[in-house]
Structure formats: C-alpha cells, structure tokens
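The lines below spell out each chain.
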Amino acid sequence: MSNSRRTFAIISHPDAGKTTLTEKLLLQGGAIHLAGEVKARGQARRARSDWMKIEQQRGISVTSSVMTFERTDANGETVTFNLLDTPGHEDFSEDTYRTLTAVDSAIMVIDAAKGIEPQTRKLFEVCRLRSVPIITFINKVDREGRACFDLLDEVADMLALDVCPMSWPVGMGGLFQGIYDIETGKVSRPEGPSKEFLGTIEENVTLPEEVAEEMELAQAGYPDFDIEAYRAGDLTPVYFGSALKNFGVAELIEAISQYAPPPRPQPTDDGPVAPEDKEVSGFIFKVQANMDPMHRDRIAFMRLASGTFKRGMKLTPSGLGKPIAIHSPIMFFAQDREIADTAEPGDIIGIPNHGTLRVGDTLSEKNKIRFTGLPNFAPEILRRVALKDPTKTKQLRKALDDLSEEGVIQVFYPEIGAQWIVGVVGQLQLEVLISRLEAEYKVEAVLESSPFDTARWLKGTDKAIDDFAEFNKMNLARDRDGDPVFMARSAWDVGYQQERNPELTFSATKER
Ligand code: G4P
C-alpha cells in the first residue's frame, strides 16, 4: 500500500507561481473544483488569527500546511499525493527546512524570465543535504522568458546537476503555442485562447523549424533520463509549462506518480526504519499553535514513517515517555479537514494536543527508536527581549517557550542575568514574534540590541562543558531544552574558543 504515496513539497522563489501551480495540481487531482480556492481558503484561515495580519500586510504566506489528494495514474493505479506547502519567504527558511525533512521529493518551480534565485538555490541545497530528489518545472513560458538552453544550463551550473529536458515549449511568450513532449513526440496545445483551459488535446502537429532544431540540439546536448540518477539526486528532469494556463501540469503530476520515490526509510540513531516495518512510528516536523485562538489548540504534524496507523492507537512520544491515545488524528484534504481512521507511511496526520508534542519528537508503539535529522539552525540575528510591564515575566517565558517550540524563534536564557535573548534567521520572524506576543499572550515587549552576534551549541563531555562554563559564565546560556549554548560576540570569538577548547564542538546546528 505504502508505495502508492507520493509525499512532496514545492520549492520556489516567491512569485514564481507556487500558489497557482498548487491550485492546478489540486484541480488535476480532482481535489478542488474551482481555481482560486487555495487562496480563498488561505484568506479564511488568515482571518482566524491576529498575528496573521502580517501575512496580509506583506502579501506573503508564513504558514505551511498539508494538502492530500488522489489521482489515478496512466497505469490505472490510484496514487495518493501528500503535498506539503512550504512558505516561500526566505525569512522562514527554518520552518521550510523542517518541512523538507518530511518529504520524499520536491518540485522546484522556476520563473522562465528570472531563472534560479538565491533563496531557491538555498532550498535546493537543503534538498541535496537530505537526498531529496528534484523535478524542475520552468513556469510562465507563456510569457517572454529567457532562452530554454540558458535556463537549462543555469540549472546545471548553479546546482551542479545533470539536467534532462522532458518537454519543450513550442514558442515562448506571445508565440507560445503548446508543449512538445520529447518522449512521445506529441504536442499539447491550448484549446482556443482560453486562459483557464483545463485539459489538453494531443495531436501530431508539425513543429516549427526552429523548435525542431532546438530539439535536436537538446537531445544531443543533455543526458537521457535515468530514474536511478534522478532518485539519487544527481539528475533533474525538467518540464516546461505554464501554471496559469494549466500547461504541462498534467505531465508534471504524471512524472511525480511515475518517477518520484515512494516513502523511503527514515534515519534513526539505530539505523533506518523501513516503511514496511510493522511497528507504527512517525516524527513531528511541525507544530502550529493557536490555529483557533478560541481554543488555544495546537496541532502537531506527524509524518508516518512505518506501520499502518489506526485511529485511537496509543503511541509514545519520545519527549513525554508515556503513551498517549490518538483519538482525533486529522487529515488535511484540499478543502477540508477530516478525522483519519487510518494512515499509511508517507501520510501526514495532525495531532491536536496541549503542548505535549514537540518538533523533533518521535512517536512509536514501543518507544525504542528515535528519528534523527531535524535541525535547529544557528540564528543570524540576536535580540534582547524587554518587557513593557515587568510583572508579565511568567507570561513572557511561556510565550517564548511556546514560540521557540513552534520554530518561530529560538530562545536563549543566559546563565547570568535576566536578559532573555531571542534568535532568528530572518528579520520578519521578529515582527511575527512581537505581533504574536501581543495578540496571543497579551504581552507587550520590545526588542533591544544584544551584545551577542551569534550562538553555538556546545557538544562534549559533561566535564569539558563544566570546565568551559567555569571560565565563560558570562557567555553561556541555555536553550529551551536546557542545553548549553555559547553566546559569541563575533564569528572570530567562535573560532578563538574552538581553537582553545579542542575537546568541545561549537555547533551551528542542533539536532532536535
Ligand atoms: P507564488 O505562490 O510562488 O508566490 O506565486 P503565485 O502563484 O502567487 O504567482 C505569482 C504571479 O505569477 C501571479 O500574478 C500569477 O498569476 C502569475 N503566474 C503564475 N503562473 C503563471 C504562468 O504560468 N504564466 C503567467 N503569465 N503568469 C503566471 P499576480 O499578478 O502577481 O497575481 P494575481 O493577481 O494573478 O493573483
């Protein structure tokens, strides 16, 4: 059963067309009936919570969610797609990184006019780090874009990947006529001038001379498609298309069902766990609090790694140590949420809870395994949090703990003094922090500059850490889990201390 799952994410630069493509994928899957519903749903969701005002003001999406849909593929088999939405904004990279730990493959969307932008490249590198194979979709070919060869070479050069064009636009921009499928030699063309065309007709047409020439060059110049190379992350198949005009989307979804890997074994500290293993296990890659401010609820998103999950089942979260019964697991369909009776490896279920489940937790029947590989990243901006009303210390601590658990910020409690420090990867996270402190915790706070420039998690024997702490109390803090962190005044400081304390590791990431 489990090999009928395709759990994937779309990575892109903001504006490349991710939302439009998501809508069209859901349409193809029959999951939604009208384009525009993804956005409409987004607005309804936004209206629920005050802090999401920032999203509206900035016109960006800061939350990520899951969309499940089914489709019968060319071989008549039903495939279940779990599309994990990642926020497109660079400032939310941490959240995005964690989401990428829960997928088996990704689609990289590139705007034909713009090529690869730095953020997309960063996301790509995370995919590579995690051996997540990538299908490339060059979008907006209905607009004037850069030459196909330039785009392909850019993907190959910037990402150090083999590229294999699977399709080719017949004309670009105003001359765009359709997509040529290299394997079958068929051209799909829009049926008339309709902007929201929802299907393709396949017919043999004579290619314009120029396109025929390009095809010859492309076939000679790029390697053939090789599924093993793709799955190993060495090659990316490239599709051209237009999300807006629903062009090349059917081919893309077919490529995911045909080529993208089914759920793969997940790493634990004691070797990988295969999806076929009988024991039910999974890990939490995201926690979202206050989705409904009236109920102070909290949804932990779990990726099922092995076994068949059944509603009501008892699983033990590694962070808690005692089993909990999961009575109301949620599955997220394009338009609805439903209570899930069963789930298979690769599926994502939402588990409502009151703070017992945390990002990085393993849930399992026997409580023996621990999934690894969900990192925390060293913050690039550190700020001191000062309260406007000093009697609110307790609320502030609770809020900082909660929000760091969600991955909105990281928090550091210095060993000496009461100057709590928050760390973020991007400026926008600070705005979200202040806004959510007010809206959800009724805490008014301001952020002040901090004497520290960066933070490093200390790893080593207890003795080595104690020895270090004795001389560096002023620069030592604890994170939310109580783990020791060296607060550095500069990058030079990190290098200096590392040299003087070779028995310690000063780590820029922390595995949760
Ligand atoms: P994002 O989620 O990656 O940020 O991108 P989104 O889908 O919102 O698309 C960004 C803009 O690009 C939108 O235009 C969208 O209509 C347009 N777009 C997406 N795919 C295509 C395509 O294949 N061809 C063309 N020509 N345009 C495309 P907008 O004007 O910013 O928004 P809207 O007013 O259309 O909603």
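From a predicted model like this one, the values you see are computed outputs, not experimental measurements.

A. Here's a closer look at the confidence of the model for the protein chain. Chain-level statistics for the protein chain give a pLDDT mean of 83 and a share of 85% at 70 or above. Low pLDDT, under 50, characterises residues 32-64; the stretch is placed with 75 contacts to residues that sit more than four places away or in other chains. Counting contacts from residues 192-198, a segment whose pLDDT is below 50, to residues more than four positions away or on other chains yields 13 contacts.

B. Up close: the sheet that holds strand S6 (residues 162-165). A sheet is described by the order of its strands in space; here seven strands give the open sequence S2-S3-S1-S4-S5-S11-S6, paired in mixed fashion. Looking at the sheet topology across the chains shown, the edges are occupied by strand S2 (66-72) and S6. Strand-to-strand twist across the sheet, computed as the mean angle between neighbouring axes with direction ignored, equals 30°. As judged from the five bridges shared by strand S1 (residues 5-12) and strand S3 (residues 78-84), these two strands associate in the parallel manner. Looking at the pairing, Ala9 lines up with Leu84 of S3.

C. How the structure looks around the packing of aromatic side chains. Under the criterion given, the structure shown has 16 aromatic pairs. Ring plane angle 15° and centroid distance 6.5 Å describe the contact between Phe149 and Tyr222, whose orientation is recorded as stacked. Of this pair, Phe149 sits in helix H6 (residues 148-159) while Tyr222 sits in the loop between helix H7 (209-221) and helix H8 (227-231); the two residues are 73 residues apart in sequence, bridging distant segments of the chain. Classification of Phe149 by relative accessible area gives partly exposed; the value is 22%. An angle of 50° between the planes, with centres 6.3 Å apart, marks the rings of Phe285 and Phe301 as tilted.

D. Representation of the nonpolar core. Ranked by size, the top nonpolar core spans 57 residues in total, and within it Leu100, Trp168, Tyr180, Met215, Phe240 and Phe285 carry the most contacts. For this core, the leading source of residues is H6, giving six residues. Of the residues that make up this core, three or more belong to each of domain 1 (10-61 + 70-77 + 98-259) and domain 2 (281-364). Discounting chain neighbours no more than four positions away, the residues touching Phe240 are Phe137, Ile138, Val141, Cys148, Leu152, Ser167, Trp168, Pro169, Ile179, Phe247 and Gly248.

E. The arrangement of the pairing of strand S13 (residues 298-306) in detail. Extensive coverage of S13 is indicated by the burial of nine of its nine residues. Strand direction decides the pairing type here: strand S12 (residues 281-289) and S13, joined by eight bridges, are antiparallel. Following the sheet pairing, Val287 is matched in S13 by Ala300. With six bridges joining them, S13 and strand S20 (residues 348-353) adopt antiparallel strand pairing. In the strand pairing of S20, Arg303 is matched with Ile348.

F. A look at the site of the ligand. Contacts to the ligand come from 17 residues, most closely from Asp15, Lys18, Thr19, Thr20 and Asp142. Within the contact set of the ligand, an oxygen atom lies 2.9 Å away from a backbone nitrogen or oxygen of Gly17. Residue Ala243 places a main-chain N or O atom 3.0 Å away from an oxygen atom belonging to the ligand. Among the elements that line the shell around the ligand, the one with the most residues is helix H1 (residues 18-28), at three residues.

G. Region of interest: a negative patch on the surface. Where like charges cluster on the molecular surface, the negative patch consists of Asp162, Asp224, Asp226, Glu228 and Asp234. Judged by its relative accessible area of 56%, Glu228 is exposed.

H. Broad picture of the sheet that holds strand S28 (residues 476-478). Spatially, the eight strands line up as an open sheet ordered S26-S23-S25-S24-S28-S29-S27-S30, and their pairing is antiparallel. Here the strands that pair on one side only, and so sit at the sheet edges, are strand S26 (445-449) and strand S30 (505-507). With direction set aside, neighbouring strand axes in the sheet form an average angle of 40°. The pairing of strand S27 (residues 454-459) with S30 spans three bridges and is antiparallel. Following the sheet pairing, Trp457 is matched in S30 by Ser507.

I. Representation of the packing of H1 against helix H9 (residues 249-259) within the structure. Viewed as axis vectors pointing N to C, H1 and H9 meet at an angle of 75°, and their least axial separation amounts to 10 Å. The orientation of H1 relative to H9 falls into the category roughly perpendicular. Where H1 approaches H9, its residues Leu21, Lys24, Leu25 and Gln28 are matched on the opposing element by Val249, Ala250, Leu252 and Ile253. Partitioned by chemical class, the residues of the contact of H1 with H9 number six nonpolar, one polar and one charged.

J. Region of the structure containing the pairing of S2. The buried fraction of S2 is high, at five of seven residues. Pairing geometry for S2 and S3, over seven bridges, is antiparallel. Paired with Met67 across the bridge in S3 is Leu83. Between S2 and S3, which pair antiparallel one after the other, the connecting turn spans five residues, and Gly76 there sits at a positive phi close to 85°.

K. Seen up close, the environment of Leu21. Along the chain, Leu21 turns up in helix H1. For Leu21 and Val109, which are 88 residues apart along the polypeptide, the C-alpha to C-alpha distance reads 8.8 Å. Every residue in contact with Leu21, bar those within four places of it in the chain, is listed here: Ile10, Val109, Phe137, Ala243, Val249 and Leu252.

Parameters and conventions
Residues numbered from 1 in each chain as written. Predicted model: local features only at pLDDT ≥ 70, side-chain atom pairs only at ≥ 80, totals over all residues. Heavy atoms only, no water. pLDDT = per-residue confidence, 0-100. Contact = heavy atoms within 4.5 Å. Pairing = 2+ DSSP bridges. Helix = DSSP H or I, 4+ residues; strand = E, 2+ residues; numbered from the N terminus. Axes fitted to C-alpha atoms, helices over the stretch in contact; angles between N-to-C directions. Phe/Tyr/Trp six-rings, centres within 6.5 Å; stacked < 30°, edge-to-face > 60°. Buried < 20%, exposed > 50% of the residue type's maximum accessible area, 1.4 Å probe, protein only. Core = buried A, V, L, I, M, F, W, Y, C linked by side-chain atoms within 4.5 Å. Domains from an automatic or database assignment. Near = heavy atom within 4 Å. Polar contact = N/O pair within 3.5 Å; in protein donor to acceptor, adjacent residues only side chain to side chain. Patch = residues over 30% accessible without salt bridge, like charges linked within 9 Å, V, L, I, M, F, W, Y side chains within 5 Å. Areas by Shrake-Rupley, 256 points an atom, 1.4 Å probe, with all protein chains shown as cover. Salt bridge = Lys/Arg side-chain N within 4 Å of Asp/Glu carboxyl O. Lys, Arg positive; Asp, Glu negative; His and termini not counted. Charge placed at Lys NZ, Arg CZ, Asp CG, Glu CD. Parallel < 35°, antiparallel > 145°, perpendicular 65-115°, else oblique. Nonpolar A, V, L, I, M, F, W, Y, C, P; charged D, E, K, R; others polar.

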